[in-house]
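Listed here are the chains, written in short residue letters.
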Amino acid sequence: EVQLVQSGAEVKKPGESLKISCKCSGYSFSNYWIGWVRQMPGKGLEWMGIIYPGDSSSKYSPSYGPSFQGQVTISADKSINTAYLQWSSLKASDTATYYCARRGFRSTSWRQGSYYFDFWGQGTLVTVSS
Amino acid sequence: QSALTQPASVSGSPGQSITISCTGTGSDIGGYNYVSWYQQHPGKAPKLIIYEVINRPSGVSNRFSGSRSGNTASLTISGLQAEDEAYYYCCSYTTSSTLIFGGGTKLTVL
């Protein structure tokens, strides 16, 4: 059974750093891209970016949505089947629920294949408040 | 990069059919067969219900169907049931090699 289990809710202050995780099981973690999606309170879904866990070389650097480039860092550790989303300096506007999700199409290339998320984590609520 | 355009809300009675539209441009919906739809119940994670415009994942009811005409994709739900009440989001691949979601549509089953 494919499962994506995310780390628990966080309460942080502006300016603090944070790294949340997404532990994947039930499939070959290295072979499927993992994406992150933001949902601000009462709002819709926003694609943040995506990573290929199978190769950490520059050829497979994470891809980011235009609103998130430079604002967050996506990484993965294939030795423990876990993807990460991190911030170096949180803002109040980062308050949201963050979902990790598996790209359903198995491919080593982001620019080839199909684009949809077939399995999702349960979400991690991040609250940033002074 | 603006979100794809969806109606904020739609409604229907049990047993009826409804259609949710999702409008983009030739740089996203109109340019690729990579439109997907997600159902999200309050407080829950999204669930994939349609991918590649028309395909249903295993286990998804055949009451859900997708289509596309030009730059507009559509999700149709037939034989509405109370459990279909949820938010629905479309998503498309873009020429910038990114993904873009619609703003979401709240479906109310009357």
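Quick look at the structure, then. (Residues numbered from 1 in each chain as written. Chains lettered and ligands numbered in written order. Predicted model: local features only at pLDDT ≥ 70, side-chain atom pairs only at ≥ 80, totals over all residues. Heavy atoms only, no water.)

## As for the overall build of chain B
Thought 1: Of regular secondary structure, chain B possesses 0 helices and 9 strands.
Thought 2: Counting helices and strands in the order they occur from the N terminus, chain B gives β-β-β-β-β-β-β-β-β.
Thought 3: The C-alpha radius of gyration of chain B comes to 13 Å, within 12% of the 13 Å expected for a compact globule of 110 residues.
Thought 4: Along the longest, intermediate and shortest principal axes, the C-alpha atoms of chain B span 40 × 25 × 25 Å. (Helix = DSSP H or I, 4+ residues; strand = E, 2+ residues; numbered from the N terminus. Rg over C-alpha atoms; globule rule 2.2 N^0.38 Å.)

## Focus on the pairing of strand S4 (residues 47-50) of chain B
Residues and elements named next belong to chain B.
Thought 1: When strand S3 (residues 35-40) meets S4, the two strands line up antiparallel, connected through 3 bridges. What sits directly across from Tyr 38, in S4, is Leu 48.
Thought 2: Connecting S3 to the next strand, S4, in antiparallel fashion are 6 residues, including Gly 43 with a positive phi near 75 degrees. (Pairing = 2+ DSSP bridges.)

## Thoughts on unusual backbone geometry
For residues that are not glycine, phi is negative in most cases, and the peptide bond is trans in most cases.
Residue and element names in this part refer to chain B.
Thought 1: The phi torsion at Glu 52 lies on the positive side, around 50 degrees, for a residue other than glycine.
Thought 2: Checked against the element boundaries, Glu 52 lands in the loop between S4 and strand S5 (64-69).
Thought 3: What makes Glu 52 partly exposed here is its relative accessible area of 25%.
Thought 4: Phi is positive for Val 53, which is not a glycine, with a value near 75 degrees.
Thought 5: As for its position among the elements, Val 53 is in the loop between S4 and S5. (Buried < 20%, exposed > 50% of the residue type's maximum accessible area, 1.4 Å probe, protein only.)

## Section: the sheet that holds strand S7 (residues 73-77) of chain A
Residue and element names in this part refer to chain A.
Thought 1: An order of S1-S3-S8-S7 is seen for the 4 strands of this open sheet, with the pairing classed as antiparallel. With one partner strand each, in any of the chains shown, strand S1 (3-6) and S7 form the two edges of the open sheet. With direction set aside, neighbouring strand axes in the sheet form an average angle of 20 degrees.
Thought 2: Pairing of S7 with strand S8 (residues 82-87) involves 5 bridges; the strand directions are antiparallel. (Axes fitted to C-alpha atoms, helices over the stretch in contact; angles between N-to-C directions.)

## With respect to the sheet that holds strand S6 (residues 72-77) of chain B
Residues and elements named next belong to chain B.
Thought 1: Read across the sheet, 3 strands follow the order S2-S6-S5 without closing on themselves; strand pairing throughout is antiparallel. Each having just a single partner strand, strand S2 (18-23) and S5 make up the two edges of the open sheet. Each strand axis lies, on average, 20 degrees off the axis of its neighbour in the sheet, ignoring direction.

## Notes on the pairing of S8 of chain A
As a general feature of sheets, a regular strand has side chains that alternate between the two faces.
Residue and element names in this part refer to chain A.
Thought 1: Burial within S8 is extensive, with 5 of its 6 residues counted as buried.
Thought 2: As paired elements, strand S3 (residues 18-25) and S8 share 6 bridges and run antiparallel to each other. Bridging across to S8, Leu 18 finds its partner in Trp 87.

## Some points on the environment of Asn 81 of chain A
Residues and elements named next belong to chain A.
Thought 1: Checked against the element boundaries, Asn 81 lands in the loop between S7 and S8.
Thought 2: By relative accessible area, Asn 81 is classed as partly exposed at 26%.
Thought 3: Those residues within four positions of Asn 81 in sequence are excluded, and the remaining contacts are Cys 22, Lys 23, Cys 24 and Phe 29. (Contact = heavy atoms within 4.5 Å.)

## Brief notes about the interface of chain A and chain B
Thought 1: The partner chain B presents 18 residues to the 21 residues of chain A that form the contact.
Thought 2: Taken together, the two surfaces of chain A and chain B that pack against each other cover about 1700 Å², and 65% of this comes from carbon and sulfur.
Thought 3: Its largest share of buried area at the contact with chain B, chain A owes to Leu 45, Tyr 115 and Tyr 116 of chain A, together 34% of the area lost on that side.
Thought 4: For the pair chain A and chain B, the number of links is 0 salt bridges.
Thought 5: Linking chain A with chain B are 9 residue pairs in polar contact (both at pLDDT 80 or more).
Thought 6: Mapped onto the side of chain A that touches chain B, the elements with two or more residues apiece are strand S4 (34-39), strand S5 (45-51) and strand S10 (117-120) of chain A.
Thought 7: Class assignment for the residues of the side of chain A that touches chain B results in 11 nonpolar, 6 polar and 4 charged. (Buried area = accessible area lost by both parts, 1.4 Å probe. Salt bridge = Lys/Arg side-chain N within 4 Å of Asp/Glu carboxyl O. Polar contact = N/O pair within 3.5 Å; in protein donor to acceptor, adjacent residues only side chain to side chain. Nonpolar A, V, L, I, M, F, W, Y, C, P; charged D, E, K, R; others polar.)

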